[in-house]
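# Examination of the molecular architecture
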Amino acid sequence: MKKQFLILLSIITFVSCAELQEVVNQLPQSGGVLSNTDIASGLRQALDKGIEKQVSKLTLKDGYYKNELVKILLPEELQKVDKTLRTVGLGNLADEGIKAMNRAAEDAVKEATPIFVNAVKDITFSDAKSILLGENDAATQYLITKTKAELYNKFNPVINTSFSKVGADQIWSNLITRYNNLPLTSDVNPDLTDYVTNKALDGVFTMIAVEENEIRNKVSSRTTDLLRRVFALQD
């Protein structure tokens, strides 16, 4: 203890206050100094945790349909379809149409994980530093930038196939036909594949942001030593 005090006294004698602060900043922290690699690895752990814990939920039955954060509702141009069908006693048909869209999204999300894994592997220290010190959803925004275009191209044909797989194509064909045959209505023919694809992607990123926010703001959500040490830097 005496030896450490003498060393510190020597430092104070020979360096200015600014230089002293620089020295202090470089002293080992509790748990050891974090390297650039550690910080990047911590961010990868956080994103992997979000993907594993939150995105995987979306692949389950009702992963979208019973999750109010991401549930896919009718597009604006079909709100009148929903309202009209319920008015004429076809509310069950409208409900089935909404459920079918969510089922297709749940089926498609399975395609997301490999794309996310590759994006997470590519995080550099420069990326990690800006993410760590950024907003509460900075890591999620990073993933959006790196993966959304590829995910759309991957999701779109899967959603289209999923419509058939879960029976959504028949449900919506019946629903739209019934609506278009009603008197005093204008025919509609929306591109539901594009709409559901985009909404499915929004849901994926919403859930990743949920986990990122938890890790940033709740120490108890930092379930590894590395996560605790890395995110302590932004506290």
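Residues numbered from 1 in each chain as written. Predicted model: local features only at pLDDT ≥ 70, side-chain atom pairs only at ≥ 80, totals over all residues. Heavy atoms only, no water.

### Focus: helix α7 (residues 125-132)
Worth spelling out the cut-off: A simple rule labels every residue: compare its accessible area, found with a 1.4 Å probe on the protein chains alone, to the largest value its type can have, and call it buried under 20%, exposed over 50%, or partly exposed in between. By definition, any uninterrupted DSSP run of H or I lasting at least four residues is a helix, any uninterrupted run of E lasting at least two residues is a strand, and each is numbered from the N terminus. An arc is given here, and it is the one of the directions from the helix axis to the C-beta atoms. Note on definitions: a residue-residue contact is assigned when non-hydrogen atoms from the two residues lie within 4.5 Å.
Along α7, the residues classified as buried are Ala 128, Ile 131 and Leu 132. The buried residues of α7 all sit within an arc of 90° when viewed along its axis, so they share a single face. Lining the buried residues of α7 we find α3 (36-58), α8 (138-165), α10 (192-217) and α11 (225-232).

### Description of the pattern of salt bridges
The line we're drawing: We count a salt bridge whenever a side-chain nitrogen from Lys or Arg sits within 4 Å of a carboxyl oxygen from Asp or Glu.
Summed over all chains, the structure comprises 12 salt bridges. Here Asp 95 makes a salt bridge to Arg 86, at a shortest N to O gap of 2.6 Å. Looking at Asp 95, the relative accessible area reads 31%, which means it is partly exposed. For Asp 202, the salt bridge identified is with Lys 148, shortest N-O distance 3.9 Å. Taken together, the residues Asp 202 in helix α10 and Lys 148 in helix α8 connect sequence positions 54 residues apart. Where salt bridges share partners, they join Asp 62, Lys 66, Arg 103 and Glu 106 into one cluster.

### What about α3?
Put simply, the rule reads: Working rule for helices: expected span equals 1.5 Å times residues minus one. Two axes enter the bend calculation: one fitted to the seven residues ending at the residue in question, the other to the seven starting there, and the bend is the angle between them.
Between the first and last C-alpha of α3 there are 33 Å, a value that for 23 residues agrees with the 33 Å anticipated at 1.5 Å per step. Along α3, the sharpest change in direction is near 25° and occurs at Ile 51. Taken residue by residue, α3 has Ile 39, Ala 40, Gly 42, Leu 43, Ala 46, Leu 47, Lys 49, Gly 50, Ile 51, Gln 54, Val 55 and Leu 58 as its buried positions. Packed against the buried residues of α3 are α5 (91-108), α6 (112-121), α7, α8, α10 and α11.

### Considerations on the nonpolar core
Let me state the cut-off plainly: By nonpolar core we mean a set of buried residues, namely Ala, Val, Leu, Ile, Met, Phe, Trp, Tyr and Cys, connected to one another through side-chain atoms within 4.5 Å.
By size, the foremost hydrophobic cluster in this structure holds 64 residues, and its most contacted members are Tyr 64, Phe 116, Leu 143, Phe 155, Trp 172 and Val 204. It is α10 that contributes the most residues to this core, 10 residues altogether. Leaving out residues up to four positions away in the same chain, Phe 155 has contacts with Ala 108, Val 109, Glu 111, Ala 112, Thr 197, Ala 200, Leu 201 and Val 204.

### Considering the packing of α3 against α7
Definition in use: Whenever a helix is involved, its axis is fitted only over the stretch in contact; in every case the axis is a line through C-alpha atoms, and angles between N-to-C directions fall within 0 to 180 degrees. By the definition used in this description, the sense in which the near helix is turned from the far one sets the handedness, with an anticlockwise turn below a right angle giving left-handed and a clockwise turn giving right-handed. Polar here means any residue outside two lists: the nonpolar Ala, Val, Leu, Ile, Met, Phe, Trp, Tyr, Cys and Pro, and the charged Asp, Glu, Lys and Arg; Gly therefore counts as polar.
Closest axis-to-axis distance for the α3/α7 pair is 9 Å, and the angle between their directions is 65°. As for how α3 packs across α7, the hand of that crossing is left-handed. Residues Asn 36, Ile 39, Ala 40 and Leu 43 of α3 form the contact with α7, whose participating residues are Phe 125, Ala 128, Ile 131 and Leu 132. For the contact of α3 with α7, the class distribution of residues is 7 nonpolar, 1 polar and no charged.

### Notes on the side chain of Asn 67
Note the threshold: Any pair of N or O atoms that falls within 3.5 Å is considered a polar contact. Within protein, one atom must be able to donate a hydrogen and the other to accept it, and sequence-neighbouring residues count only if both atoms are side-chain atoms.
Positionally, Asn 67 belongs in the loop between α3 and α4 (79-87). Side-chain polar atoms of Asn 67 contact the backbone nitrogen of Leu 69, separated by 2.9 Å. In this view, Asn 67 contacts Leu 58, Asp 62 and Met 207; residues no more than four positions away in its chain are not counted.

### A few points about the packing of aromatic side chains
Between two aromatic rings, the relevant description is the distance of the centres plus the angle of the planes. Cut-off, in case you're wondering: Two rings from Phe, Tyr or Trp (for Trp, the six-membered ring) form a pair when their centres sit within 6.5 Å of each other. Planes less than 30 degrees apart are called stacked, planes more than 60 degrees apart edge-to-face, and all others tilted. Lysine and arginine charges are scored as sitting over a ring when NZ or CZ, respectively, is within 6 Å of the ring centre and within 35 degrees of the ring normal.
The final tally for this structure, using the stated rule, is 1 aromatic pair. For the ring pair Phe 116 and Phe 205, a centre distance of 5.9 Å and an interplane angle of 75° mean the geometry is edge-to-face. Taken together, the residues Phe 116 in helix α6 and Phe 205 in helix α10 connect sequence positions 89 residues apart. Per residue, the accessibility class of Phe 116 equals that of Phe 205, and both read buried. Across the ring face of Tyr 65, the terminal group of Lys 71 is positioned such that the distance to the ring centre comes to 4.7 Å.

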